[in-house]
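Listed below are the residues making up each chain.
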Amino acid sequence: MLLVAANLRAAVTSLGALLDEVRTGLALSGAMAGLITTLPTIAFAGVGALSPWLVRRFAPARVLVVAMIALAVGQALRVVTDSVVFFVATSALALAGIAVANILLPMLVKQYFPHRTGAVTGAYTMALAIGTTVASASAVPIAHAFGSWRAGLGVWAVLAALAVLPWVPLALRARAARRGTTRTSPVTRIRVRPQRTRLGWAMAVYFGAQSLSGYAVMGWLPQLFRDAGFRPQDAGLLLAGLTALGVPVALLMPTLAGRMRSLNPLVFALTAASAISYVGMALAPRGGALLWVALLAVGHGAFPLILTTIGLRARTADGTVALSAFAQSIGYVIGALGPLLVGVFYEATGAWTAPIGVLLVALAVQTAAGTAIARPRFIEDER
């Protein structure tokens, strides 16, 4: 699970770090570059929604193996072509693998570690954060060391291939067990439809609101600090610091959530940290930059919190994958609006007050949805 999680953003952040080199190497138009940067949210929302259908027909371990193979093959093939169409198609293949794995991991935690949901979710979200940071930071140095952007992107196919290996025996055993069960006594499975429940929509809105803020901050935070007078390299370091500080938060948050009956204290603590950070960046972005980044890293603990809550709000593995698919599919669509809205308000006003106001509104929506998912109940009971 940790190996899989470490792969879930490397294909995205390594491309972001090398986008200028890729644009030059493939002679990408601005429109095509824009399409490539929006592919992750399209794949996460669209392909991720198919995961419950796949799990109903195939063992989850087998689905995960195929997803990771798609990720490895897609990353390997996109660096051996000069065709823009083929590059986009293979990038989409890799992102489809990530989209399915995104949905499956909460379910697999529920299946293999039903009594340690918080601890295991914390471990894999930490691995995800580490993989994101390492890929972003090392893609350019690797490309420079080998003299080509293709090496900086292609190396992550090796990590994806390694993540497949531990799952192959599980997939083979799952296939045999599923065949034996079908021959003897077929299992009756309850169809869970989160889209028909208040809990499902509250989870989706919470996931979407925190994604909107997260994508907006990742895209625009360096520009905010550059406008405040920081050198470009220092603004980049502040963004890297945000990601690095998120690693221990990613480990701690699910552990705390797994031990608490009501999640309201965590919901309000994360809201307070983010709100103070946003207001601070609006009023004194230069003087308190380190403090605002540290508080924002705590506030972004909403991501590991919602991943943990997906497992806590379902009784069964089927319920977990259905809730995971619905919350993440709707959530990534909402999240894609973050960079766009911030960019529109920043361009219209030339200042950061209005964009930060957008983030505060999103935070208020996130908090309201958080209170709705805070009390213990299960998606299967709301059918």
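Counting restarts for each chain, with residues numbered from 1 along the sequence as it is written. Residues qualify for local features only when their pLDDT is at least 70, as the model is predicted, and side-chain atom pairs are given and counted only at 80 or more; totals for whole chains, interfaces and linings, by contrast, use all residues. To get the side-chain values, all heavy atoms of the structure are used, and hydrogens and water are removed first.

1. Let's talk about the overall build of the protein chain
Helix numbering and strand numbering both begin at the N terminus, where a helix is a DSSP run of H or I of at least 4 residues and a strand a DSSP run of E of at least 2. Counting its secondary structure elements, the protein chain contains 19 helices and 0 strands. It is over C-alpha atoms that the radius of gyration is taken, and the globule rule equals 2.2 Å times the number of residues to the power 0.38. In summary, the protein chain has a C-alpha radius of gyration of 21 Å against a globular reference of 21 Å for 383 residues, a match within 12%. Projecting the C-alpha coordinates of the protein chain onto the three principal axes gives extents of approximately 70 × 50 × 30 Å. Here the protein chain holds 383 residues, and the buried ones make up 51% of them. Working rule for contacts: check all heavy atoms of both residues, and any pair within 4.5 Å makes them a contact. When contacts within the protein chain are restricted to residue pairs at least 6 apart in sequence, those whose partners lie at least 24 apart make up 83%. Surface accessibility of the protein chain: about 16400 Å² in total, with carbon and sulfur atoms responsible for 69%. Burial here depends on accessible area, computed with a 1.4 Å probe over protein chains only, as a share of the maximum for the residue type. Under 20% is buried, over 50% is exposed, and the range in between is partly exposed. Only the protein chains shown count as cover for residues, with accessible areas throughout obtained via the Shrake-Rupley method and a probe of 1.4 Å.

2. Observations regarding the packing of helix H4 (residues 30-46) against helix H7 (residues 84-112)
Pairs of packed helices are described in terms of their axes, by the angle between the two and the distance that separates them. An axis is simply a line fitted to the C-alpha atoms; with a helix, the fit covers only the stretch in contact. Between two such axes, the angle follows the N-to-C directions and lies from 0 to 180 degrees. With their axes 8 Å apart at the nearest point, H4 and H7 run at an angle of 25° to one another. Judged on the interaxial angle alone, H7 and H4 are roughly parallel. Between H4 and H7 lies a crossing of right-handed hand. Contacts between H4 and H7 involve Met-32, Leu-35, Ile-36, Leu-39, Pro-40, Ala-43 and Phe-44 on the former and, on the latter, Val-84, Phe-87, Val-88, Ser-91, Ala-92, Leu-95, Ala-96, Ile-98, Ala-99 and Asn-102. In this scheme, roughly parallel covers angles under 35 degrees and roughly antiparallel covers those over 145, while 65 to 115 is roughly perpendicular and the rest are oblique. Here is the rule for handedness: rotate from the far helix to the near one, and if that takes an anticlockwise turn smaller than a right angle the crossing is left-handed, while a clockwise turn gives right-handed.

3. Let's talk about the side chain of Ser-274
When you line up the elements, Ser-274 lands in helix H14 (residues 264-283). Take Ser-274: its relative accessible area is 3%, and that puts it in the buried class.

4. What to know about the packing of helix H13 (residues 232-259) against helix H15 (residues 289-299)
Put simply, H13 and H15 touch, their axes get as near as 8 Å, and they point 40° apart. On the basis of their axis angle, the class for H13 and H15 is oblique. Relative to H15, the crossing made by H13 is right-handed. Across from Leu-238, Gly-241, Leu-242, Leu-245, Gly-246 and Val-249 in H13, the residues of H15 making contact are Ala-289, Leu-290, Val-293, Ala-294, Leu-296, Ala-297 and Val-298. Per-class residue counts for the contact of H13 with H15 are 11 nonpolar, 2 polar and no charged. In this count, Pro and Cys sit with the nonpolar residues alongside Ala, Val, Leu, Ile, Met, Phe, Trp and Tyr, while Asp, Glu, Lys and Arg are called charged and the others, Gly among them, polar.

5. Section: the nonpolar core
If you look at the biggest cluster of nonpolar residues, it comprises 82 residues, and the most contacted ones within it are Val-4, Val-22, Leu-104 and Leu-305. Top element by residues in this core is H7. It accounts for 14 residues. With residues near it in sequence (within four places) discarded, Val-22 still touches Leu-15, Ala-27, Leu-28, Phe-87, Trp-149 and Leu-153. Counting 25 residues, the second-largest nonpolar core is a separate cluster that includes Leu-224, Leu-238, Leu-296 and Val-342. Only buried Ala, Val, Leu, Ile, Met, Phe, Trp, Tyr and Cys residues count toward a nonpolar core, and they belong to the same one when joined by side-chain atoms within 4.5 Å.

6. Here's the deal with a positive patch on the surface
Patches in this entry comprise residues that are over 30% relatively accessible and not in a salt bridge; like charges within 9 Å are linked, as are nonpolar side chains (Val, Leu, Ile, Met, Phe, Trp, Tyr) within 5 Å. For salt bridges, the criterion is a side-chain nitrogen of Lys or Arg within 4 Å of an Asp or Glu carboxyl oxygen. Counted as positive: Lys and Arg. Counted as negative: Asp and Glu. His and the chain ends are not counted at all. Lysine's charge is taken at NZ, arginine's at CZ, aspartate's at CG and glutamate's at CD. On the surface, a cluster of positive charge is contributed by Arg-56, Arg-57, Arg-191, Arg-193 and Arg-196. By secondary structure assignment, the location of Arg-196 is in the loop between helix H11 (167-184) and helix H12 (198-227). Its relative accessible area of 65% is what places Arg-196 among the exposed residues.

7. Concerning H13
The terminal C-alpha atoms of H13 lie 42 Å apart, and with 28 residues this matches the ideal 40 Å at 1.5 Å per residue to within 8%. A maximum bend of about 30° is found in H13 at Pro-248. Along H13, the residues classified as buried are Ala-235, Leu-238, Leu-239, Leu-242, Thr-243, Gly-246, Val-247, Val-249, Ala-250, Met-253, Pro-254 and Ala-257. At its buried positions, H13 is contacted by helix H8 (117-146), H12, H14, H15 and helix H16 (302-312). Take the residue count of a helix, subtract one, and multiply by 1.5 Å to get its expected span. Working definition for bend: take the seven residues up to and ending at a residue and the seven starting at it, fit an axis to each, and measure the angle between the axes.

8. Let's talk about the pattern of salt bridges
One pass over the full model with this rule turns up 3 salt bridges. Arg-150 is the salt-bridge partner of Asp-82, the closest N and O atoms lying 2.5 Å from each other. Taken together, the residues span a long stretch of sequence, with Asp-82 in the loop between helix H6 (60-77) and H7 and Arg-150 in helix H9 (residues 149-154) at a distance of 68 residues. Here Arg-231 and Asp-234 are joined by a salt bridge, their closest N and O atoms 2.9 Å apart.

9. Examining the packing of aromatic side chains
A pair of aromatic rings is counted whenever rings of Phe, Tyr or Trp (Trp by its six-membered ring) have centres within 6.5 Å, and the orientation is called stacked for planes under 30 degrees apart, edge-to-face for over 60 and tilted otherwise. Throughout the structure, instances matching the rule amount to 11 aromatic pairs. Here the aromatic rings of Phe-87 and Trp-149 are separated by 6.2 Å at their centres, their planes lie at 80°, and the arrangement is edge-to-face. Within this pair, whereas Phe-87 is found in helix H7, its partner Trp-149 is found in helix H9, the two being separated by 62 residues in sequence. Here the two residues Phe-87 and Trp-149 agree in accessibility, since each one is buried. Ring plane angle 25° and centroid distance 4.3 Å describe the contact between Tyr-346 and Trp-352, whose orientation is recorded as stacked. Each member of the aromatic cluster is reached from another via a ring pair, and the members are Phe-44, Phe-207, Tyr-215, Phe-303 and Tyr-332.

10. Side note on the side chain of Thr-243
Counting through the fold element by element, Thr-243 comes out in helix H13. Filtering out sequence-adjacent residues up to four positions away, Thr-243 remains in contact with Ala-129, Thr-133 and Met-218.

11. Some remarks on unusual backbone geometry
In this model, Ala-27 sits at a positive phi of 55°, which is unusual for a non-glycine residue. As for its position among the elements, Ala-27 is in the loop between helix H3 (19-26) and H4. The exposed category is assigned to Ala-27, whose relative accessible area is 63%.

12. Re the environment of Gly-208
Following the sequence through the fold, Gly-208 ends up in helix H12. Residue classification places Gly-208 among the buried residues on the basis of a relative accessible area of 0%. Between the C-alpha atom of Gly-208 and that of Ile-330, which follows or precedes it by 122 residues, the distance is 6.8 Å. Sequence-distant contacts of Gly-208, that is, excluding residues within four places in its chain, are made with Gly-331, Ile-334 and Gly-335.

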